[in-house]
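# Coordinates in review
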Amino acid sequence: MGQGKNGDPLSEFEVEVECLMQALYLRWGYDFREYSRASLRRRVARYMSDNQILRAADLQHELIRDKKRCVHFVRGLTVNVTDMFRDPVFYKVIREQVIPELRSHPFIKIWHAGCSTGEEAYSMSILLHEEGLGERAVIYATDINSQVLDQASKGVYHEKMLSSARENYKDSGGKSKLDDFVSVGYERFLIDPGLKKNIVFTQHDLVTDQVFGEMQMVICRNVLIYFRRELQTKVLTLFHNSLDMGGFLGLGIKESLRSLPNEFRYKAIDESARVFQRVD
Ligand SMILES: C[S@@+](CC[C@H](N)C(=O)[O-])C[C@H]1O[C@@H](n2cnc3c(N)ncnc32)[C@H](O)[C@@H]1O
C-alpha cells in the first residue's frame with residue numbers, strides 16, 4: 001500500500017495523481033514521477049478546477065489520448081516564477097568571487113538550467129558585459145517548458161517588474177543603471193538586443209536529457225526544490241559531468257548540497273549565496 005509522509009494511506013486523489021504521472025511517462029515520455037508531490041498535486045488540482053474536471057482519472061483518460069492537450073497540461077505543471085537579479089547576493093558573489101577566476105579563461109561557457117522566461121540569463125549577460133567578458137562568453141539557457149523559452153528569447157517583460165529589477169540590480173553590485181541595458185515603453189521593458197547575442201535558448205529536460213559539455217559555470221536555481229532527493233542527486237551528477245574541474249555551481253537560496261552524495265566534490269565559495277566550486 002502506498003503511504004503519505006506521515007505513514008497514512010494515500011487518498012484517492014493522491015493515488016490518481018501517482019497513476020497519472022506513470023501514464024504520462026508511459027504514453028508520452030514526460031517524466032514527473034520523481035517530482036516532489038506537494039507542488040505537483042497542487043498543480044494537478046488547479047488544472048482540474050480551471051478545466052472543470054472532477055476526477056484525476058478522467059483527466060488521465062483524456063491525456064493519454066490527446067497529445068496536444070497533454071503538452072498544454074505539462075506546461076502547467078512547472079512553476080515558472082523568476083525575476084531579474086533574483087536574490088541579488090548571488091550575483092554579488094559571482095561578481096566579486098567568481099568573475100576574477102573566470103577572467104583567466106579565453107572562452108567562457110555558462111549553463112542556466114531551468115531558466116524559465118529568461119530574466120536570469122539576461123541578468124548574467126548584463127553582469128558579464130559590465131565586467132568586460134560579454135564578448136568571450138556564451139550562455140546556454142535551457143528549460144523543459146517551450147512556452148517560457150519563447151518568451152525568454154523575445155526578452156520583453158511587463159513594466160510592473162521593472163522597479164524590483166532595478167532594485168535587485170543595485171543590490172547585486174551593478175556598476176551603472178539597469179536602464180542602460182533595457183528600453184522602456186508601452187508598459188513593457190525590452191532587453192537590449194546586444195545582450196541576446198551571446199545567449200542560446202534551447203529546450204532541455206533535466207530528467208531525461210544528456211550532459212551539456214565543459215561548462216565553466218552551471219546555474220540551476222529554484223528547480224531542485226521541486227525534485228525528490230534521488231532526482232536531485234541524479235541531476236547534480238549531470239551538472240558535475242557538465243562542469244570543468246574548478247568550474248562553479250550556483251543553486252537557489254533554498255537548495256543545498258548538504259547530505260547529498262555530491263557534497264564533497266565541491267567547496268563552498270559562499271555557502272549562504274549557494275555558490276560552490278568543483279574540486280573533485
Ligand atoms: C521556479 S523556476 C526558476 C527560474 C530561475 N532559475 C530562477 O531561479 O528564477 C523553475 C523552472 O524550472 C523548470 N523545470 C522544471 N522541471 C524541469 C526539468 N525537468 N528540466 C528543465 N527545466 C525544468 C520550469 O519549467 C521552470 O521554468
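Residues numbered from 1 in each chain as written. Predicted model: local features only at pLDDT ≥ 70, side-chain atom pairs only at ≥ 80, totals over all residues. Heavy atoms only, no water.

## Some thoughts on the state of the cysteines
Among covalent bonds in proteins, the disulfide is the one between the sulfur atoms of two cysteines. Applying the stated criterion to the full structure yields zero disulfides. Left without a disulfide partner, Cys19 is nearest to the cysteine sulfur of Cys70, which lies 15 Å away. Judged by relative accessible area, which is 39%, Cys19 ranks as partly exposed. Cys220 carries a free sulfur, and the closest cysteine sulfur to it, the one in Cys115, is 10 Å from it. (Disulfide = S-S within 2.5 Å. Buried < 20%, exposed > 50% of the residue type's maximum accessible area, 1.4 Å probe, protein only.)

## Describing helix 9 (residues 229–242)
Taking 1.5 Å as the rise per residue, helix 9 with 14 residues should run 20 Å; its terminal C-alpha atoms sit 20 Å apart, in good agreement. Buried within helix 9 are the following residues: Leu231, Gln232, Thr233, Val235, Leu236, Leu238, Phe239, His240 and Ser242. (Helix = DSSP H or I, 4+ residues; strand = E, 2+ residues; numbered from the N terminus. Expected span 1.5 Å × (residues − 1).)

## Details of unusual backbone geometry
Here the phi dihedral of Phe85 falls at roughly 45 degrees; this positive angle occurs in a residue that is not glycine. A relative accessible area of 0% means that Phe85 is categorised as buried. In this model, Ser259 sits at a positive phi of 60 degrees, which is unusual for a non-glycine residue. Residue Ser259 is classed as exposed on the basis of its relative accessible area of 53%.

## Quick look at helix 5 (residues 88–102)
For helix 5, which comprises 15 residues, the first-to-last C-alpha distance of 20 Å matches the rise-based estimate of 21 Å (1.5 Å per residue) to within 8%. Along helix 5, the positions that sit buried rather than exposed are Pro88, Phe90, Tyr91, Val93, Ile94, Arg95, Val98, Ile99 and Leu102.

## What to know about the side chain of Ser39
Within the element layout of this structure, Ser39 appears in helix 2 (residues 37–50). Classification of Ser39 by relative accessible area gives buried; the value is 12%. Beyond its immediate sequence surroundings of up to four residues, Ser39 is in contact with Val79 and Tyr226. (Contact = heavy atoms within 4.5 Å.)

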